[in-house]
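Survey of secondary and tertiary structure
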Amino acid sequence: MADDWGITGVEIDAILKAQERDDWWEYRQALHDASADKDSSPAKWLLAEICGMGFRPSSRDRPYVALGSGPGFRTLEPQDLLPEQLDFIARIADETKNADLSSRLFDILWILRHDRHACLRAAESFFVAAKEVEDPQNWRASIDRYSRALILAKSLGKSTDLPDRIGSHLLDRVRHYNGTDELYLTRHLVQLLYVLKKGKPAELVAFLEKGASTAKVPGNDFRHREYLELAAKLADRAGDVAKSKSIRLMIAESLVVDAGIRSQAGQAGAAHSFYEDAILIMRQIGEAKRVEELVILLNAAGKESLKSMQKFEFKIDVSDQVKAAQELMAGCNANDGIIRLASIFGAFDPNELEAAVKEDARQAPLSSIIPMTHMSSDGKKVAMSKGLSLDHDVDNSEALRVKVVQKAVQQYGLIGAAAIKPALAALRQETQVGESDIAPFVVTSRFVAPGCTEAFIRGLTAGFHWDFYGALSFLLPQFEQSLRWHLQLAGVITSSLDTQGIEEEWPLGKLLSHQVTRKTFGPGLILAMRAYLVDKVGPNIRNLSLHGVLKPQEHNTMSGMLVWWLTLKLVVLGSPIAKAYLEKQLVTDETPER
């Protein structure tokens, strides 16, 4: 029957029935086409927007999300619905014969009103809809509906036999297809049975092995391996150790084949990744000899990938900044030049960098969600970083932290090229900075720990002669000791005791993380120090240099120069000599001309 909304479930069904296929997006378009606008056809508009919600069947409590959003704008989500709209939804859910529509409407009522009857009706409707849309070529449509039906049915506990009925049906469908479907339907049907713990593992493993064989495409064996990975889990569940090992061996060798194909195609980076995954599996199943063989191929692929990486270049005009940096050093003596170079730039605000990262993600969402592999100069993978997730329920804090570090390194690189490097070059043309010029700053600096002055003098002086390898060899150990000294002055014990009572000094990363360090140096400088010295997604200069991984010539880079400059900044600006000079300059700049 129609109420104030002026439409019945029968009329809605007639609109939806005209569609070529059962699809929520098609339903949304049909309902929008049937309504002139939101005001004249509110019922059709509302149902269209409900059909258009994004669907995440695996999310227990938030399966429906806004289809789109923008500044001051967002499409409909369940929590936006008003009580009178929910009453209308309940009526249409009862009246419609369309299982797809009723499943979504009853599901929303369950989410918002916690109505157990609505939960059961939603689960039953999803089950019916899944059977109606099942198609090996469009497997996701049915799997999404089967998945949601199971989640809802299991929410009702033992009050319904629906999970058993769904499980029996899924097992029948797996037997029907017998591993002959070319895509993923059998694999995901078995995955649901795995979750339900229904079916004999040995029988399901046989179906998965058939499916893996059907899906096998040399050079693109992703589907093949997904079938086998699930088969291995089932073999583990059955306690069949030999079967599990043989399946995992097939997976590993499949990865090796794909790695070889990628190498021959000049895709060394992809080959490196495949070899790495294969080695991990071989180690797990105890194939030590095969691991030795594959490590040789892995290292070769890693080195080749670095050679073959394309350089993506873009030009930024920094000529004005370079000119200003050069003019800053014009006519400088050593004392003035040292101070001016140390104070040529402050530090980037982490909050501003985070805002920039989020804006980048808004402008180019696809590039921001891609995970990244970070490799050393000799082709070894040193870190993995996740991309930013578009899922509101996912914690993005670590992915965001990584992006901020990368943004900081990028921005400091620009500052290095546009200001620090040209200023240093200009100062070298004006005067030669020697140890006697640096010494007064070092011996009076609040940053330098007792006993470290000679190393700081020699290291900072080396940098003024473009010898950043020599500079960092002196500076890095003393940098760490000076941070430790600052914490000890504040009463912090900078060592830890292990279970045997052995005392170990804190590493640099922990020193930088302490609240006293953060308060002393501020968030901007802490970010710069972490990014360049110890973070694996940044240059990681401290760790790579002190462990001997960084070659001498690799210190004489932009990153090496910036670490030297950061140290210069901390030492020089921690001296009263620089403080007096800068205060004098400030007074001079603010004094009006006569």
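These figures come from a predicted structure and were not determined experimentally.

Definitions and cut-offs
Residues numbered from 1 in each chain as written. Predicted model: local features only at pLDDT ≥ 70, side-chain atom pairs only at ≥ 80, totals over all residues. Heavy atoms only, no water. Helix = DSSP H or I, 4+ residues; strand = E, 2+ residues; numbered from the N terminus. Buried < 20%, exposed > 50% of the residue type's maximum accessible area, 1.4 Å probe, protein only. Contact = heavy atoms within 4.5 Å. Areas by Shrake-Rupley, 256 points an atom, 1.4 Å probe, with all protein chains shown as cover. Salt bridge = Lys/Arg side-chain N within 4 Å of Asp/Glu carboxyl O. Axes fitted to C-alpha atoms, helices over the stretch in contact; angles between N-to-C directions. Parallel < 35°, antiparallel > 145°, perpendicular 65-115°, else oblique. Left-handed = near helix turned anticlockwise from the far one by under 90°. Nonpolar A, V, L, I, M, F, W, Y, C, P; charged D, E, K, R; others polar. 1 Å grid on protein atoms, 1.4 Å probe; cavity = no way out; pocket = protein on both sides within 12 Å on 5 of 7 lines; lining within 4 Å. Points joined across faces, edges and corners; volume = space filled by probe spheres on them. Arc of directions from axis to C-beta. pLDDT = per-residue confidence, 0-100. Phe/Tyr/Trp six-rings, centres within 6.5 Å; stacked < 30°, edge-to-face > 60°. Expected span 1.5 Å × (residues − 1). Polar contact = N/O pair within 3.5 Å; in protein donor to acceptor, adjacent residues only side chain to side chain.

Another point: the overall build of the chain. Of regular secondary structure, the chain possesses 28 helices and 8 strands. Burial analysis of the chain (594 residues in total) assigns 47% to the buried set. In the chain, the share of contacts with a sequence separation of at least 24, taken over all contacts with a separation of at least 6, comes to 64%. Just so you have it, the chain exposes about 30,300 Å², and 53% of that area is on carbon and sulfur atoms.

On to the pattern of salt bridges, then. For the coordinates displayed, the defined rule picks out 29 salt bridges. The partner of aspartate 236 in a salt bridge is arginine 248, with the nearest N and O atoms 3.0 Å apart. On the criterion of sequence distance, the pair formed by aspartate 236 in helix α11 (residues 222-238) and arginine 248 in helix α12 (residues 241-264) is long-range, its members being 12 residues apart. Judged by its relative accessible area of 41%, aspartate 236 falls in the partly exposed class. For arginine 248, a relative accessible area of 21% translates into the label partly exposed. For aspartate 360, the salt bridge identified is with lysine 407, shortest N-O distance 2.7 Å. Of this pair, aspartate 360 sits in helix α17 (residues 350-363) while lysine 407 sits in helix α19 (residues 397-430), and the two are 47 residues apart along the sequence. Judged by its relative accessible area of 37%, aspartate 360 is partly exposed. A relative accessible area of 14% means that lysine 407 is categorised as buried.

This part is about the packing of helix α5 (residues 99-113) against helix α6 (residues 116-133). How two helices pack is summed up by the angle between their axes together with the distance between the axes. Packing of α5 against α6 brings their axes to within 7 Å, and their N-to-C directions diverge by 150°. On the basis of the axis angle, α5 is roughly antiparallel to α6. The handedness of the crossing between α5 and α6 comes out as left-handed. Across from Ala99, Asp100, Ser102, Ser103, Arg104, Phe106, Asp107, Leu109 and Trp110 in α5, the residues of α6 making contact are Arg116, Ala118, Cys119, Arg121, Ala122, Ser125, Phe126, Val128, Ala129, Glu132 and Val133. Considered class by class, the residues forming the contact of α5 with α6 number 11 nonpolar, 3 polar and 6 charged.

What follows is about the environment of valine 516. Considering the arrangement of structural elements, one finds valine 516 in helix α24 (residues 515-533). Spatially, the C-alpha atoms of valine 516 and glutamine 488 are 10.0 Å apart, while their sequence positions differ by 28 residues. The contacts of valine 516, once residues within four sequence positions are left out, are Leu487, Ala490 and Val492.

Okay, empty space enclosed by the protein next. On inspection of all chains with the given rule, the structure shows 1 cavity of 30 Å³ or more. Partitioning the lining of the largest cavity into residue classes produces 3 nonpolar, 2 polar and 2 charged.

Across the chain, the bulk of peptide bonds are trans and the bulk of non-glycine residues have phi less than zero. Of note, tryptophan 466 is a non-glycine position whose phi angle comes to about 65°, a positive value. For tryptophan 466, the location among the structural elements is in the loop between α21 (453-463) and α22 (468-489). Judged by its relative accessible area of 28%, tryptophan 466 falls in the partly exposed class. At asparagine 540, a residue that is not glycine, the phi angle is positive and equals roughly 55°. Mapped onto the elements of the fold, asparagine 540 is located in the loop between α24 and α25 (541-546).

This part takes up the packing of helix α7 (residues 139-155) against helix α9 (residues 185-196). Relative orientation of the contacting elements α7 and α9 amounts to 10°, with a least axis distance of 10 Å. On the basis of the axis angle, α7 is roughly parallel to α9. Counted together, Trp139, Ser142, Ile143, Tyr146, Ser147, Leu150 and Lys154 of α7 and Leu185, His188, Leu189, Leu192, Val195 and Leu196 of α9 form the full contact between these two elements.

On to helix α1 (residues 9-17), then. When α1 is considered as a whole, its buried residues turn out to be Gly9, Ile12, Asp13, Ile15 and Leu16. With its buried residues spanning 160° around the axis, α1 presents them on a single face. Every exposed residue of α1 that faces more than 90 degrees away from the buried side is listed here: Val10, Ala14 and Lys17. Residues of α1 that are buried make contact with α2 (24-34), α3 (42-51), α4 (83-95) and α5.

Looking now at the confidence of the model for the chain. For the chain, the average pLDDT comes to 86, and 88% of its residues sit at 70 or higher. Note that residues 309-314 has pLDDT below 50 and, in this model, 1 contact with residues that lie over four places away or in other chains. Contacts from residues 589-594, a stretch scored under 50 in pLDDT, to residues over four places away or in other chains number 0 contacts.

Glancing now at the packing of aromatic side chains. In total, this model carries 18 aromatic pairs according to the counting rule given. For the ring pair tryptophan 24 and phenylalanine 126, a centre distance of 6.4 Å and an interplane angle of 85° mean the geometry is edge-to-face. Separated by 102 residues along the polypeptide, tryptophan 24 in helix α2 and phenylalanine 126 in helix α6 bring together distant segments of the chain. Ring centres of phenylalanine 464 and tryptophan 564 lie 5.0 Å apart, and the angle between their planes is 85°; this geometry places the pair in the edge-to-face category.

This part is about α5. Its 15 residues give α5 an end-to-end C-alpha distance of 20 Å, which sits within 8% of 21 Å, the value for a rise of 1.5 Å per residue. Extensive coverage of α5 is indicated by the burial of 13 of its 15 residues. Where α5 begins, the capping side chain belongs to asparagine 98, and its oxygen is found 3.0 Å from the backbone nitrogen of aspartate 100. Phi for histidine 114, located one or two positions after α5, is positive at around 55°.

Turning our attention to the environment of methionine 282. Considering the arrangement of structural elements, one finds methionine 282 in helix α13 (residues 268-284). The exposure class assigned to methionine 282 is buried, which follows from its relative accessible area of 0%. As for methionine 282 and glutamate 292, which are separated by 10 residues in sequence, their C-alpha atoms are 10.0 Å apart. Sequence-distant contacts of methionine 282, defined by excluding residues within four places in its chain, comprise Leu249, Ala252, Glu253, Glu287, Arg290, Val291 and Leu294.

The subject of this paragraph is the side chain of threonine 75. For threonine 75, the position within the fold is in the loop between β4 (73-74) and α4. Residue class for threonine 75 comes out buried when judged on its relative accessible area of 15%.

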